[in-house]
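This is what each chain is made of:
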Amino acid sequence: MHLLFATSIVPDGALASGYEIANAAIIAALRRAGVRVTVIGFTWPGKPASDPQNTIALGAVDVRTESASSLQKLAWVAKAMLSGLTFASVKLRVVTDSEVRAAVERAGPFDGYVLNSVQFAGAFERLFADRPSIFVAHNVEHRSAQENAAAAGGLFQRLLFRREARLLKAMEERLCSRARFVFTLAEEDRSALGVASDDRSAALPLVTCAEAPVQNEPRRIDCDAALIGTWTWQPNRIGLDWFLKNVVPHLRPDFRVRIAGGVPSGLTSAHPGVEFVGRVPDAQAFVRGAAVIPLISTSGSGVQLKTVETFELGLPSVATSHSLRGIDHRPVNCVVTDDPVAFAGALESAVADVRDIYGSAFHRRQVKALDAAIRLGLEKLGRVRQGVFA
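As the structure is a prediction and not an experimental result, all values here were calculated from the model.

Engineer: How would you summarise unusual backbone geometry if you had to cite specific residues and measurements?
Structural biologist: A negative phi angle is the norm for most residues apart from glycine, just as the trans form is the norm for most peptide bonds. A positive phi angle is found at S117, which is not glycine, with a value near 70°. Relative to the assigned elements, S117 resides in the loop between strand 4 (112–116) and helix 5 (118–123). For S117, a relative accessible area of 3% translates into the label buried.

As structure tokens, then:
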């Protein structure tokens, strides 16, 4: 079976975001199932595809809102309003339908599409109706947009998010309806998208690396707690705001918290132990330098890959219940609470008694379940002949 994996940004090997980590895990699982996968989409500027022999690049595009100029943001908004597309999809309309169709034809004979999230599929929706498809819903995007609207500080931004939510809901309904099968990244997202039946969907347990991390040497603890993420992404920002405003004030003054990744301008904390360190060269080394990992998600859908990575590394953690969405197994060194005072107390207790475990069993369990879910979806898309897809 040959499938065309249609995505906004093709893999470049960097795995710099949760979206890219998820894509790598899904593509690898498809290939383990015997599928020939050709990826089509855009590259980041200056970052070529990591697998050019199996990639069709439509050009380079930077879709990051936080780094765009005010003029570019206004242009995207205007184009979205005029076209009826979502803000996220309109950023990808830098090539025409005919150019995308020509690129698809260069892939040669193929059996169907894997439509990876709504951004690319929504930008060129009419082009993907000629073959059967699997839809991968990384999140319930319309619900995320609704949460973003509720958290927005200004009227204009709130109205934009409400528009996104309305358009995304209709788009997700169309993509799910047309798909032979739907993959979500969290069990609860299946019901939220109206595809809860096992004949229609399955949740994909994910991993953040091909092999379980090796833990041969004792860790060197450099700080009490460490967080890393793309904090300019609104669902992440909502969780960080909750942590800084509700949890941090209950931590003792000498409790050291390091926060890595890009943060919105003006984001600060009055706590003397909180330090914003910006981008770090090695994300895994950064989190391994902390006694405990706070898992602080309070909004959004899909899976929290920082939770998956923490469990794979066997690191102690304190998590909100929302941070465990998409996770069927919780390690013994993870404390779960949504109460800010209890959260702060659990962090301090974890630092006083650091308990690492081996995460290899969690990694193996995730891979086994991922491969089983992928095979179920492929069986719905095609036919199985003696274990080989034809």
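Engineer: Which residues make up the sheet that holds strand 11 (residues 290–295), and what values go with them?
Structural biologist: The strand order across the open sheet built from six strands is 10-9-8-11-12-13, with neighbouring strands paired in parallel fashion. If you trace the sheet from one side to the other, it starts and ends with strand 10 (274–278) and strand 13 (334–336), each paired once. Along the sheet, successive strands turn relative to each other by an average axial angle of 25°, direction set aside. In this sheet, strand 12 (residues 317–319) lies alongside strand 11 in parallel orientation, the contact comprising three bridges. Its bridge partner lying in strand 12, P294 is registered against V318. Across the sheet, helix 11 (residues 305–313) lies against strand 8 (223–228), strand 11, strand 12 and strand 13, angled at about 150° from strand 11, the strand it touches most.

Engineer: Quick rundown of the nonpolar core? Include the residues and the values.
Structural biologist: With 51 residues, the main nonpolar core has I26, L30, L204, L206, I374 and L378 as its most contacted residues. Among the nonpolar cores identified, the runner-up in size contains 39 residues, and L4, V104, F110 and F124 belong to it.

Engineer: Now, about the packing of helix 6 (residues 141–151) against helix 9 (residues 234–247): what can you tell me, with residues and values included?
Structural biologist: Taken N-terminus to C-terminus, the directions of helix 6 and helix 9 make an angle of 50°; their axes are 10 Å apart at the nearest point. Between helix 6 and helix 9, the crossing angle belongs to the class labelled oblique. Note on packing geometry: the crossing formed by helix 6 with helix 9 is left-handed. Taken together, the residues of helix 9 that come into contact with helix 6 (itself represented by E147, N148 and A151) are Q234, P235 and I238. Residues of the contact of helix 6 with helix 9, tallied by class, amount to three nonpolar, two polar and one charged.

Engineer: Lay out the sheet that holds strand 4 with the relevant residues and their values.
Structural biologist: Each strand in a sheet pairs with another by means of backbone hydrogen bonds, the pair being arranged parallel or else antiparallel. The parallel open sheet is built from seven strands, whose spatial order is 3-2-1-4-5-6-7. Every interior strand has two partners, whereas the edge strands, strand 3 (55–60) and strand 7 (201–203), have only one. Sheet twist, expressed as the average angle between the axes of neighbouring strands with direction ignored, equals 15°. In the sheet, strand 1 (residues 2–9) pairs with strand 4 via four bridges, with the strands oriented parallel. Pairing of F5 across the sheet is with V114, part of strand 4. Seen against the sheet, helix 4 (residues 97–105) touches strand 1, strand 2 (36–43), strand 3 and strand 4 and runs at an angle of roughly 155° to strand 3.

Engineer: Account for the side chain of H363, with residues named and values stated.
Structural biologist: Structurally, the position occupied by H363 is in helix 13 (residues 360–381). Excluding anything up to four places from it in sequence, H363 contacts V207, C209, A210, E211, A212 and E312.

Engineer: Before we move on, can you summarise the packing of helix 2 (residues 70–83) against helix 7 (residues 155–178) with the specific residues and values?
Structural biologist: For the pair helix 2 and helix 7, interaxial distance at closest approach is 13 Å and the crossing angle is 40°. Judged by the inter-axis angle, helix 2 sits oblique to helix 7. The handedness of the crossing between helix 2 and helix 7 comes out as left-handed. Residue-level inspection shows V77, A80 and M81 of helix 2 in contact with helix 7, the latter providing F156, L160 and R163. Looking at the contact of helix 2 with helix 7, its residues break down into five nonpolar, no polar and one charged.

What counts, and at which threshold
Residues numbered from 1 in each chain as written. Predicted model: local features only at pLDDT ≥ 70, side-chain atom pairs only at ≥ 80, totals over all residues. Heavy atoms only, no water. Helix = DSSP H or I, 4+ residues; strand = E, 2+ residues; numbered from the N terminus. Buried < 20%, exposed > 50% of the residue type's maximum accessible area, 1.4 Å probe, protein only. Pairing = 2+ DSSP bridges. Axes fitted to C-alpha atoms, helices over the stretch in contact; angles between N-to-C directions. Contact = heavy atoms within 4.5 Å. Core = buried A, V, L, I, M, F, W, Y, C linked by side-chain atoms within 4.5 Å. Parallel < 35°, antiparallel > 145°, perpendicular 65-115°, else oblique. Left-handed = near helix turned anticlockwise from the far one by under 90°. Nonpolar A, V, L, I, M, F, W, Y, C, P; charged D, E, K, R; others polar.

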